[in-house]
Amino acid sequence: MTITHASFVTLPVSDQDRALRFYRDVLGFQVTADRDMPQGRWLQVAPEGAQTVFTLSGPGMGGFEPGSARGIMLVTTDVDADCARLTAAGIPVQGPDDMPWGRMASFADPDGNGLMLLTEKEGF
C-alpha cells in the first residue's frame, strides 16, 4: 500500500452557507474550494496547513444525510481555550475531560455532525 493521506472527509449539511459560517467564523477554518459543479456547490474548508479538508456536502451532493457524520477528531494545542471560545459562541460543549491519551471534548456543528477536540497527551 502506498496511501499517503486522506484527501477529504464529507460532512453532510442541510445549508452550506450556514455550515460555512460555522466552520470559517467559529472554528477558524479556511475555504480551500468553493465552486459550482453540475450536481451542486463543491465547498471545502480546512484548518490552516491541514492535508485533509472537509467537504461541506449540501443537498443533492451524494445523497448524504445531514448530521450523520460522527467521531471527527480535531487536534488542538489548547482544548480548554477552544471549549471556552465555543461556549462563548453559544455552542454546547461536553467536557473537556482527561483521558489516558489526552484531554478531550465533544460538540456538534449546526446540523448535528459530531466533532471532538483533543489536546494529545505528550508521549502517548
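Presented here is an overview of the structure given in this document.

The rules behind these values
- Residues numbered from 1 in each chain as written.
- Predicted model: local features only at pLDDT ≥ 70, side-chain atom pairs only at ≥ 80, totals over all residues.
- Heavy atoms only, no water.
- Helix = DSSP H or I, 4+ residues; strand = E, 2+ residues; numbered from the N terminus.
- Rg over C-alpha atoms; globule rule 2.2 N^0.38 Å.
- Buried < 20%, exposed > 50% of the residue type's maximum accessible area, 1.4 Å probe, protein only.
- Contact = heavy atoms within 4.5 Å.
- Areas by Shrake-Rupley, 256 points an atom, 1.4 Å probe, with all protein chains shown as cover.
- Lys, Arg positive; Asp, Glu negative; His and termini not counted.
- Charge placed at Lys NZ, Arg CZ, Asp CG, Glu CD.
- Salt bridge = Lys/Arg side-chain N within 4 Å of Asp/Glu carboxyl O.

Further remarks concern the overall build of the protein chain. The helix and strand inventory of the protein chain stands at two helices and eight strands. Sequence-ordered secondary structure for the protein chain, helices as α and strands as β, is β-α-β-β-β-β-α-β-β-β. Taken against the 2.2 N^0.38 rule, which gives 14 Å for 124 residues, the C-alpha radius of gyration of the protein chain at 15 Å falls within 12% of a compact globule. In terms of overall dimensions, the protein chain has a C-alpha envelope of 45 × 40 × 25 Å along the principal axes. Looking at the protein chain as a whole, 35% of its 124 residues qualify as buried. When contacts within the protein chain are restricted to residue pairs at least 6 apart in sequence, those whose partners lie at least 24 apart make up 53%. Accessible surface, the protein chain: about 7300 Å² in total, of which carbon and sulfur atoms supply 52%. Measuring between centres, the 9 positive side-chain charges of the protein chain sit 3 Å from its 16 negative side-chain charges.

What follows deals with the environment of M73. Relative to the assigned elements, M73 resides in strand β5 (residues 72–75). Residues M73 and L117, spaced 44 residues apart in sequence, show a C-alpha to C-alpha distance of 6.0 Å. Apart from residues lying up to four places away in sequence, M73 is in contact with M104, M116, L117 and L118.

Another point: the pattern of salt bridges. One pass over the full model with this rule turns up seven salt bridges. A salt bridge links D111 to R18, with the shortest nitrogen-to-oxygen separation between them at 2.9 Å. Here D111, found in the loop between β7 (102–108) and β8 (114–120), pairs with R18, found in helix α1 (residues 16–26); they are 93 residues apart in sequence, far enough to count as distant. Note that R103 is salt-bridged to D80, the shortest N-O span being 2.9 Å. Residue R103 is located in strand β7, and its partner D80 is located in helix α2 (residues 79–88); the two are separated by 23 residues in the primary sequence. Look at R103 and you get partly exposed, because its relative accessible area is 24%. Connected through salt bridges with shared partners, the residues D17, D34 and R41 form a single ionic network.

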